[in-house]
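Here's the letter readout for the chains.
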Amino acid sequence: MNESEIKERIDAFSPLRHQGSIRILQDTTEFMAIGAGDVIELQGRYYYVRGEESEGRFGLEGEPKFWVKRVIDLADGSPKIVKLVFYEKFLMQLGAQQIRCFRSPRKEERILHKVWGDHRFMQGVTVQDVKGNPVRVLERIHGKSVYQVVNELNMGHEEYFTRTFPALFSNVVLCIEAIRDLHRMGEIHGDIRNDHVLVERGTAAYRWIDFDYTYEWAEQPFGADLFGLGNILLFVVGKGFHTIDELGRRLPAGKSLGEVFDAEDFSLFFNNRLINLKKLFPYVPDGLNVVLMHFSRGTEVFYETAQEILDDLKECGY
Amino acid sequence: MENKVLVAVDQSENALRAVEYVAGMMKHHPGCRIALHHVIISPSPDVVPDEAERKATVQRMREEALHQLEKAAHILTGGGIAEKSIHLNLQVCGESKSIVELILHEQRQGGYETVVVGRRGVSKREEFIFGSVSSKLIREARGCTVWVVE
C-alpha cells in the first residue's frame, strides 16, 4: 500500500480523520518512539497505532505500557494489540514473597503458537519486523475481567454463593484445566491474576491473557502459577478478599479476633487475608474449604500441579 | 564391600556441611566411593536472550562450581577420605530441568546406594513457589538411602 491508500484505510476504519503525513515504521526496536498516529508495517501488513495499553490493578488506573500498542489492522479494520519487544527484569511481589521475574517476548511467541486455535487463551501470531524483533499481533478481547465481574455483583455473599457462584465457578474450573493443559505443554502462564481472565462479551467464554512473564527456577516451575490459581479460587469463593480489618468489624458482640480466628486461617502469602472462608461463611462446603486451606499458613501440604487442584475440586463435586 | 555415596553439591554453605558430615561418616569405610555431583542449569533463552551472554554465564558458573567441588574434595581428604575414593562430577544441563531428576538419574546410572544433600532451610512460602530439592529428593528417591544434612 502507498501512503495515500494507507490514509484512505485509516479514514475508513478510524473514528478520527488522520491529519498530516504518516510515519510508516518497519523497525519497532525503539518502541517509546512509536505513538498514536504512526503506522507499523510488519511483512506487508499495516497497523495504525491508536495509543498504548495501560494496566491497573484492582480497578485502578495504571501506567501506560509503552511496548503494547492499541492498533487498527488496516487489512480489515479489526482492533488488535501489537506487543513490541521489551526485555525487562524486575522483582515481583507475590504477597510477602519477592521473586525475580523476566518479561520474555520469546516465551509469549512460543505459547501463542502452542495455543493457536484454543480459545481458552488469547489468540495471536508473531511476526518478525525488519530487525528480527518478534512482534506479537494479538486479538483484542472485549469483555470484563473476572475481577470486575465478581466485584460488580450487587448481592450479599449467601445469595451470590447460592445463585451465581455455581455457574461462575464451573468456568473457573475450566480456566484451571486450561492452565493444567498449558503446563502439560511444558509452559507456564507466569502472571496468573483474576484480572488476567477476561469474560468475553457475546460468547461469555473465560479467556486467559498476558503470558509473557517467566522465571528462572526449575524445581517447581508451576509454583507462581499455583499461587495465582489459589488467589483466584479464594477471590471467587469469597466474592472478594476478606481481610483482618473487615473481619474485625463483623465479629459477634463480645468476641475478639483471636477467639474466632487462628494464624493458620490466613494466607501463606498475605498475612491479613482470610483463607478459612468457612469460618465466615459456614455454608461453604467442607471439601471446597479444604482446597482453599492448601494456601493457608497452616498447610503442611502444597499443591504441586494444577491437576491436583482439579482432582480435589472434582472430589467435592466441582 | 563398596559403599557408593552421591553427594549433591551446590554453591551453598549447607552443601559443604553435608560434605563434612559424609567425611565423618565414611572415613572408617575404606571401600567407600564418594561422588561429589554439581549440576549447572544453563539460563533459559527466555530469561537471557543473548546467546553470548548465556555462554558467558555458564562459563562463570562452571568456574564457580569447579572451585566449590575442589573445596568439597579438600573437606573429604582433610576428613580422612582417600583421594582415590573421591570423584568429581560437574553436569551442565542445557535446558531448564529439575535438579532432583538429574541427581536421581545419576544415582540410578551410577548405582549409588546413598544420596546426600544439604538442607537449605527454605521458608514455607519459598518452598511453595520455588520447590525444595531436599524435600523432593526424599519423596522421589527409590531404591536408595537419602541423607538430608542440616
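Keep in mind the model is a prediction, meaning the values are calculated, not measured. (Residues numbered from 1 in each chain as written. Chains lettered and ligands numbered in written order. Predicted model: local features only at pLDDT ≥ 70, side-chain atom pairs only at ≥ 80, totals over all residues. Heavy atoms only, no water.)

### As for the pattern of salt bridges
Convention followed: Any Lys or Arg side-chain nitrogen found within 4 Å of a carboxyl oxygen on Asp or Glu counts as a salt bridge. Going along the chain from the N terminus, every DSSP run of H or I of four or more residues is numbered as a helix, and every run of E of two or more is numbered as a strand. Relative accessibility decides the category of a residue: with a 1.4 Å probe and only protein chains considered, values under 20% of the type maximum give buried, values over 50% give exposed, and everything between is partly exposed.
What the rule picks out here adds up to 38 salt bridges over all chains. For Lys65(A), the salt bridge identified is with Asp210(A), shortest N-O distance 3.6 Å. One end of the pair, Lys65(A), is in strand β4 (residues 63-73); the other, Asp210(A), is in the loop between β12 (206-208) and β13 (213-214), and 145 residues separate them in sequence. Taking relative accessible area as the criterion, Lys65(A) reaches 11% and is therefore assigned buried. The salt bridge involving Asp10(B) is made with Arg120(B); its shortest N-O contact spans 2.9 Å. Taken together, the residues Asp10(B) in the loop between β1 (3-9) and α1 (13-26) and Arg120(B) in the loop between β4 (114-118) and α4 (124-130) connect sequence positions 110 residues apart. Residue classification places Asp10(B) among the partly exposed residues on the basis of a relative accessible area of 27%. The structure contains a network of salt bridges with shared partners spanning Lys65(A), Lys83(A), Glu88(A), Arg103(A), Glu108(A), Arg136(A), Asp210(A) and Asp212(A).

### Structural notes on the packing of helix α4 (residues 157-184) of chain A against helix α5 (residues 223-238) of chain A
All names here are of chain A. Quick reminder of the rule: For helices, the fitted line uses only the C-alpha atoms of the stretch in contact; every axis is such a line through C-alpha atoms, and the angle between N-to-C directions lies from 0 to 180 degrees. Here the word oblique covers every angle except those under 35 degrees (roughly parallel), over 145 (roughly antiparallel) and from 65 to 115 (roughly perpendicular). Note on convention: near helix rotated counterclockwise from far helix by under a right angle means a left-handed crossing. Clockwise means right-handed. A contact between two residues is defined here by any heavy atoms of the two lying within 4.5 Å.
Put simply, α4 and α5 touch, their axes get as near as 8 Å, and they point 165° apart. With respect to each other, α4 and α5 are oriented roughly antiparallel. For the element pair α4 and α5, the recorded crossing hand is right-handed. Counted together, His157, Tyr160, Phe161, Phe165, Leu168, Phe169, Val172, Ile176, Ile179 and His183 of α4 and Asp225, Leu229, Ile232, Leu233, Val236, Val237 and Gly238 of α5 form the full contact between these two elements.

### A word on the packing of aromatic side chains
All names here are of chain A. Formally: Pairing of aromatic side chains requires ring centres within 6.5 Å, counting the rings of Phe and Tyr and the six-membered ring of Trp. Pairs whose planes differ by under 30 degrees are stacked, by over 60 edge-to-face, and all others tilted. In this analysis the charged atom, NZ for Lys or CZ for Arg, is taken to sit over a ring once it is within 6 Å of the ring centre and within 35 degrees of the ring normal.
This structure, assessed with the given rule, holds 24 aromatic pairs over all chains. Relative to tyrosine 213, the ring of phenylalanine 90 lies with its centre 5.2 Å away and its plane at 65°, an arrangement referred to as edge-to-face. In this pair, phenylalanine 90 sits in strand β6 (residues 88-94) while tyrosine 213 sits in strand β13, placing the two residues 123 residues apart along the sequence. Accessibility classification places phenylalanine 90 together with tyrosine 213 in one group, the buried group. Judged by centre distance (5.0 Å) and plane angle (85°), the ring pair of phenylalanine 169 and tyrosine 318 falls under edge-to-face. Here the residue phenylalanine 169 occupies a position in helix α4, and tyrosine 318 occupies one in the segment after α9 (306-315), the gap between them amounting to 149 residues. Judged by relative accessible area, phenylalanine 169 falls into the buried class, the value being 0%. Aromatic ring contacts, followed pair by pair, group Tyr160, Phe161, Phe165, Phe169, Phe281, Tyr283 and Tyr318 into a single cluster. Between arginine 273 and the ring centre of phenylalanine 241, over which it is positioned, the NZ or CZ distance is 3.6 Å.

### Digging into the interface of chain A and chain B
The condition that has to hold: Accessible area that two parts lose when put together, evaluated with a 1.4 Å probe and summed over both, is termed the buried area. Polar contact is defined as a pair of N or O atoms within 3.5 Å, subject to the rule that within protein one atom must be able to donate a hydrogen and the other to accept it, and that residues adjacent in sequence are counted only when both atoms are side-chain atoms.
Between chain A and chain B, the residue contacts involve 33 residues of the former and 21 residues of the latter. Between chain A and chain B lies a buried interface of about 2,200 Å² when both sides are counted; carbon and sulfur atoms form 60% of it. Put simply, chain A and chain B have 14 residue pairs in polar contact (both at pLDDT 80 or more) between them. Elements that contribute at least two residues to the side of chain A that touches chain B include exactly β7 (97-103), α2 (105-114) and α5 of chain A.

### Some remarks on the pairing of strand β2 (residues 32-41) of chain B
Residues and elements named next belong to chain B. This is how it is decided: Strands qualify as paired when DSSP identifies two bridges or more between them. Here the term right-handed applies to a crossover when the path leading from its first strand over the helix to its second strand runs clockwise, the strands being oriented away from the viewer.
In terms of residue burial, β2 counts as a mostly covered element, since 9 of its 10 residues are buried. Across 7 bridges, β1 lies against β2 in parallel orientation. The residue of β2 that forms the bridge with leucine 6 is alanine 35. Handedness of the crossover joining β1 and β2 through α1 is recorded here as right-handed.

### Re the confidence of the model for chain B
Basically, it comes down to this: Per residue, pLDDT measures the predictor's confidence, with a range of 0 to 100.
Per-residue confidence for chain B averages 94 on the pLDDT scale, and 99% of its residues sit at or above 70. Interface predicted TM-score (ipTM) for the complex: 0.89; the corresponding pTM is 0.93.

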